[in-house]
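# Structure at a glance
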Amino acid sequence: MACLEFLKDWRDNLLSGQYLPITVTVAIALFLLKEILEIRRRALERKRKTNAAKLLLSQELEKNHWALFSFFRVLQEIKDSQASAPN
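Below or above, wherever it landed, is the structure these notes cover.

Basis of the calculations
Residues numbered from 1 in each chain as written. Predicted model: local features only at pLDDT ≥ 70, side-chain atom pairs only at ≥ 80, totals over all residues. Heavy atoms only, no water. Helix = DSSP H or I, 4+ residues; strand = E, 2+ residues; numbered from the N terminus. Rg over C-alpha atoms; globule rule 2.2 N^0.38 Å. Buried < 20%, exposed > 50% of the residue type's maximum accessible area, 1.4 Å probe, protein only. Areas by Shrake-Rupley, 256 points an atom, 1.4 Å probe, with all protein chains shown as cover. Lys, Arg positive; Asp, Glu negative; His and termini not counted. Charge placed at Lys NZ, Arg CZ, Asp CG, Glu CD. Patch = residues over 30% accessible without salt bridge, like charges linked within 9 Å, V, L, I, M, F, W, Y side chains within 5 Å. Salt bridge = Lys/Arg side-chain N within 4 Å of Asp/Glu carboxyl O. Contact = heavy atoms within 4.5 Å.

A few words on the overall build of the protein. For the protein, the count of helices and strands is two helices and zero strands. Taking 12 Å as the expected radius of gyration for a compact globule of 87 residues, we find that the protein reaches 33 Å, considerably beyond that expectation. Out of the 87 residues belonging to the protein, those deemed buried represent 3%. Summed over its atoms, the accessible surface of the protein is roughly 8,200 Å², and 66% of this surface lies on carbon and sulfur atoms. One way to put it: in the protein the 14 positive side-chain charges average out to a point 3 Å from where the 10 negative ones average out.

Nonpolar side chains collect at one region of the surface, where Phe6, Leu7, Trp10, Tyr19, Leu20, Val24, Ile28, Phe31, Leu32 and Ile36 lie side by side and expose about 960 Å² of accessible area between them. Among the elements of the structure, helix H1 (2–16) and helix H2 (22–84) are those that each provide at least two residues to the nonpolar patch. Take the nonpolar patch: its biggest share by element is five residues, from H2. On the secondary structure map, Leu20 appears in the loop between H1 and H2.

Enumeration according to the criterion identifies seven salt bridges in this entry. For Arg42, the salt bridge identified is with Glu38, shortest N-O distance 3.3 Å. Separated by four residues within a single helix, Arg42 and Glu38 lie in helix H2, roughly one turn from each other. Among the residues examined, Arg42 registers a relative accessible area of 47% and is labelled partly exposed. Using a relative accessible area of 25% as the deciding quantity, one classes Glu38 as partly exposed. Between Glu77 and Arg73 there is a salt bridge, with its nearest N and O atoms 3.8 Å apart. Of this pair, Glu77 and Arg73 both sit in helix H2, four residues apart, which is roughly one turn of that helix.

With respect to the element layout, Thr25 can be found in helix H2. With a relative accessible area of 12%, Thr25 lands in the buried category. Residues contacting Thr25, with those up to four places away along its chain left out, are Leu14 and Leu20.

Any functional reading would require information that these geometric values do not contain.
This is how it looks when you write it as C-alpha cells:
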C-alpha cells in the first residue's frame, strides 16, 4: 500500500508542477503517446506486409503445383501411348 500512496503523491506532485512545469509534463506525455502510436503503426504495417507475402506465395505455389501436375499428367499420357503403340 505504501508504494501505491507514493505513486499517487508522485503523480499529484508531477501534475501540480512541483517537479516540472505542466507544459513540459504534457510535452513529454504527448511525445510518449506519439512514439507508442508509431510503434503500433509499424507493427501493423509489418503484419500487413507479412500477410500479403503469404498470400502471394500461396498463389504462386498453387500455380506451380498445377503446372507440375499437368506436366506429369502429360508425361504419363505419353508413356501410356508409347506402351500401347505397336512396335
